[in-house]
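Below, each chain spelled out in residue letters.
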Amino acid sequence: MSSDCLFCRIVQGEIPATIVHETETTTAFRDISPQAPTHVVLVPKLHSPDAVSLVKAAPGVLDDLFRAAGEVAEAEGVTDGGYRLLFNTGADAGQTVFHAHLHLLGGRKLGALA
Ligand code: AMP
Ligand code: ZN
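Residues numbered from 1 in each chain as written. Chains lettered and ligands numbered in written order. Predicted model: local features only at pLDDT ≥ 70, side-chain atom pairs only at ≥ 80, totals over all residues. Heavy atoms only, no water.

### Side note on the pairing of strand β2 (residues 26-30)
Counting buried residues along β2, four of its five residues qualify, which places the element largely inside the surrounding structure. Across three bridges, the pairing between strand β1 (residues 19-22) and β2 is antiparallel. Across the sheet, the residue bridging to I19 is F29, located in β2. In the sheet, β2 pairs with strand β3 (residues 38-44) via five bridges, with the strands oriented antiparallel. Opposite R30, over in β3, you have V40 as the bridge partner. (Buried < 20%, exposed > 50% of the residue type's maximum accessible area, 1.4 Å probe, protein only. Helix = DSSP H or I, 4+ residues; strand = E, 2+ residues; numbered from the N terminus. Pairing = 2+ DSSP bridges.)

If you want it as structure tokens, here you go:
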């Protein structure tokens, strides 16, 4: 937990968010600036700056994030149509919040990746 980290504060309930799913190790909430009809951000409760740091610090938590993503996709009704899962990693990729997070985007045909 880092008190100056936005996503740590959402996990702790200090900043409001629309939580759609929660497990022992993960929290998922709607992106405040959705880029698709379904845009959910899945975060580990453990603070780690990006996905590669997370896999080193707590390997099993990435499994948990992807499992949770599948459950969110089912609940959002995007499993059949398909959806995109992505980790922006570092500034050149557009990462703006340095607490690892998995984006789940779906509900429309998505454009090219970059
Ligand atoms: P990234 O650009 O990959 O670091 O993704 C950060 C994401 O967090 C962006 O898509 C933002 O729209 C989203 N975001 C920022 N602040 C909040 C917030 N308070 N609640 C929910 N999503 C947020
Ligand atoms: Zn954090």
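After that view, the rundown keeps rolling.
### Things to note about the coordination of the zinc ion (ligand 2)
Taken together, the protein donors to the zinc ion (ligand 2) comprise C5 (SG), C8 (SG), H47 (ND1) and H99 (ND1), at separations of 2.0 to 2.3 Å. Its four donor atoms give the zinc ion (ligand 2) angles of 106 to 116° at the centre, a pattern that matches the tetrahedral case. The motif formed by the donor residues of the zinc ion (ligand 2), counted along the single chain, is C-x2-C-x38-H-x51-H. The burial state of C5 is the same as that of C8; both residues are buried. (Donors = N, O, S within 2.8 Å, 3.2 Å for Na, K, Ca; no water. Tetrahedral: all angles 85-135°; square planar, octahedral: opposite > 155°, others 65-115°.)

### Some details on the side chain of H39
Mapped onto the secondary structure, H39 falls in strand β3. Residue H39 is classed as buried on the basis of its relative accessible area, which comes to 5%. Polar side-chain contacts of H39 include one of 3.0 Å to the backbone nitrogen of Q35. For H39, the residues in contact, after removing those within four places along its chain, are F29, R30, D31, S33, P34, H103, L104 and L105. (Polar contact = N/O pair within 3.5 Å; in protein donor to acceptor, adjacent residues only side chain to side chain. Contact = heavy atoms within 4.5 Å.)

### A word on the site of ligand 1
Around ligand 1 there are 15 residues in total, and D31, N88, T96, H101 and H103 lie nearest to it. I32 places a main-chain nitrogen or oxygen 3.1 Å from a nitrogen atom of ligand 1. At 2.8 Å, a side-chain N or O of H103 approaches an oxygen atom of ligand 1. Considered on its own, ligand 1 offers 500 Å² of accessible surface; in the complex 83% of this is hidden by protein. Where the shell around ligand 1 is concerned, the elements lending two or more residues are α1 (6-11) and β2. (Near = heavy atom within 4 Å. Areas by Shrake-Rupley, 256 points an atom, 1.4 Å probe, with all protein chains shown as cover.)

Without other data, these values stay purely geometric and don't point to any function.
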